[in-house]
Amino acid sequence: MSDFLSKEYDTVVCGAGPAGLMAACTLGRLTGGARRVLLLDKKEPWKEPIFCAEAVSTSRLQALWPLSREWVRGNLSGIYFTSPKGYRAEFYSKDCGCLLDRALFHKALANGCKDAGVECCFGALVKKLSRVDEGWEVTVANGTSEVTLRAKTVIDATGPGCRLTRGIECLKGIECGDTDLEPAVFAVAEGIEHSREHIELFFGSEFPNGYGWIFPRDGVEVNIGFVLGRDADVGIALRQKLQEFIAERYPKATIKAIYGGMIACGQSKKPIAKCGLFKAGDAASCVNPISRSGITESLLCGKIVAECVAEWLDASDEGARRAAESMAGTRWMDAMGKSHLQVARAKKGFYSIKDSQFDKAAERLSKLPREKQTLMRIFTNVLWACPSLIWKMRSFFHW
């Protein structure tokens with residue numbers, strides 16, 4: 001552990017996923033190397049399986065980080081919405097999204113951190129946080145050795161589960177990132193017929209309170225899987241359910257690997273910063289409640305949190321520091337959090353749609369020319385097939 005350049009830091013960032021990488025890089029750039037910023041993760045962020053899909057909105061990503069051919073697998077031009085009986089509606093929009101090579105993307109972000117003067121230590125596990133006078137003690141393990149570092153501020157970007165902050169008395173009332181965890185499972189597979197430029201989404205009772213998907217990867221492999229509501233009971237193990245789904249629909253497929261676990265799927269109203277500790281990304285429940293998308297959300301949240309940490313470090317008194325903590329949540333809510341809460345209110349109504357209603361809407365849409373299958377038309381046709389949904393989703397529209 002002698003590799004650390006110091007025992008005392010202005011900010012320690014825990015977790016090198018999109019939120020942590022973006023937070024560390026942003027903070028390094030904002031402070032121009034005048035602050036000691038340390039980024040920690042138990043793994044090198046480009047040498048691990050990425051347990052999620054890799055499609056993002058091109059416009060949202062470009063607003064946060066310049067695109068590079070090195071880590072963009074390809075462009076997306078649409079989404080297929082597939083009903084239980086296989087009727088397919090298509091939303092077409094040229095260059096609506098892109099497919100990331102997450103490992104290479106993380107490598108680019110990590111290089112950005114180093115260029116911004118951030119000290120990066122990968123292969124270092126943060127085991128414990130302890131509140132001390134005027135800051136935090138961060139206990140870090142690497143192999144069999146441990147070291148305790150001091151930090152004025154900490155950014156928790158370790159994902160959902162609240163492991164680092166659970167039980168810390170001064171953090172009562174802060175967002176824990178474990179308020180809405182849901183089970184997901186996916187496989188990397190070959191031999192599945194698909195469009196390289198489309199995502200395919202599956203809806204219906206086969207995926208209670210969730211949905212299935214196919215995300216293209218490199219023209220040969222796909223990411224195929226599903227997420228379910230946290231209280232869903234399908235009667236069998238999720239891995240077995242996924243294998244049966246693939247075998248039934250794609251008998252020529254070859255499964256190369258299966259991954260699974262609990263993922264963050266909600267948006268909380270709780271504060272995301274307190275006592276000099278800031279949460280970002282999944283740890284702050286900054287996830288779209290229906291789509292469960294979180295990559296660009298994590299990048300944006302990491303950026304916002306880093307800006308507030310910079311203000312916290314420059315603050316001259318306790319009141320200004322508390323104001324910076326409060327602004328982290330406020331800015332996130334203004335950016336995306338409020339819309340996430342609207343989506344969350346519509347979630348229960350959306351998942352009450354019957355299979356026959358999905359089929360009715362998708363069949364009607366599938367007969368239209370592609371250019372007329374807009375997202376608004378897709379949405380209104382679902383409402384046409386399920387009029388009661390208008391009432392159930394009234395809060396989404398503030399009716």
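Report on the accompanying structure. (Residues numbered from 1 in each chain as written. Predicted model: local features only at pLDDT ≥ 70, side-chain atom pairs only at ≥ 80, totals over all residues. Heavy atoms only, no water.)

### Notes on the overall build of the protein
Right, on to step 1. A count of helices and strands for the protein gives nine helices and 16 strands.
Right, on to step 2. Relative to the 2.2 N^0.38 estimate, which gives 21 Å for 399 residues, the radius of gyration of the protein is 22 Å and therefore close to what a compact globule would have.
Right, on to step 3. Seen along its three principal axes, the alpha-carbon backbone of the protein occupies a region of about 65 × 45 × 40 Å.
Right, on to step 4. Here the protein holds 399 residues, and 53% of them are scored as buried.
Right, on to step 5. Of the contacts formed within the protein by residues at least 6 apart in sequence, a portion of 71% connects residues at least 24 apart.
Right, on to step 6. Element-wise, carbon and sulfur atoms account for 50% of the exposed surface of the protein, whose accessible area totals about 18200 Å².
Right, on to step 7. Across the protein, the mean location of the 54 positive side-chain charges is 4 Å away from that of the 47 negative side-chain charges. (Helix = DSSP H or I, 4+ residues; strand = E, 2+ residues; numbered from the N terminus. Rg over C-alpha atoms; globule rule 2.2 N^0.38 Å. Buried < 20%, exposed > 50% of the residue type's maximum accessible area, 1.4 Å probe, protein only. Contact = heavy atoms within 4.5 Å. Areas by Shrake-Rupley, 256 points an atom, 1.4 Å probe, with all protein chains shown as cover. Lys, Arg positive; Asp, Glu negative; His and termini not counted. Charge placed at Lys NZ, Arg CZ, Asp CG, Glu CD.)

### Observations concerning the environment of Asn-288
Right, on to step 1. Looking at where Asn-288 falls in the secondary structure, it is placed in the loop between strand E16 (277-279) and helix H5 (295-314).
Right, on to step 2. Counting along the chain gives 159 residues from Asn-288 to Leu-129, while the straight-line C-alpha distance between them is 28 Å.
Right, on to step 3. Once residues lying within four places of it in the same chain are set aside, the contact partners of Asn-288 are Ser-293, Glu-297, His-340 and Val-343.
Right, on to step 4. Only 2.9 Å separates the side chain of Asn-288 from the backbone nitrogen of Ser-291, close enough to count as a polar contact. (Polar contact = N/O pair within 3.5 Å; in protein donor to acceptor, adjacent residues only side chain to side chain.)

### Observations regarding the packing of helix H1 (residues 18-31) against H5
Right, on to step 1. Running from N to C, H1 and H5 cross one another at 35°; their axes reach a closest spacing of 7 Å. With respect to the hand of their crossing, H1 and H5 are arranged in right-handed fashion. Residues Pro-18, Ala-19, Met-22, Ala-23, Thr-26, Leu-27 and Leu-30 of H1 touch H5, and the partners they reach there are Ile-295, Ser-298, Leu-299, Gly-302, Lys-303, Ala-306, Glu-307, Val-309 and Ala-310.
Right, on to step 2. Each residue belonging to the contact of H1 with H5 can be placed in one class, and the counts come to eleven nonpolar, three polar and two charged. (Axes fitted to C-alpha atoms, helices over the stretch in contact; angles between N-to-C directions. Left-handed = near helix turned anticlockwise from the far one by under 90°. Nonpolar A, V, L, I, M, F, W, Y, C, P; charged D, E, K, R; others polar.)

### Details of the side chain of Thr-139
Right, on to step 1. Take Thr-139: it is sitting in strand E8 (residues 135-142).
Right, on to step 2. Since its relative accessible area comes to 14%, Thr-139 is described here as buried.

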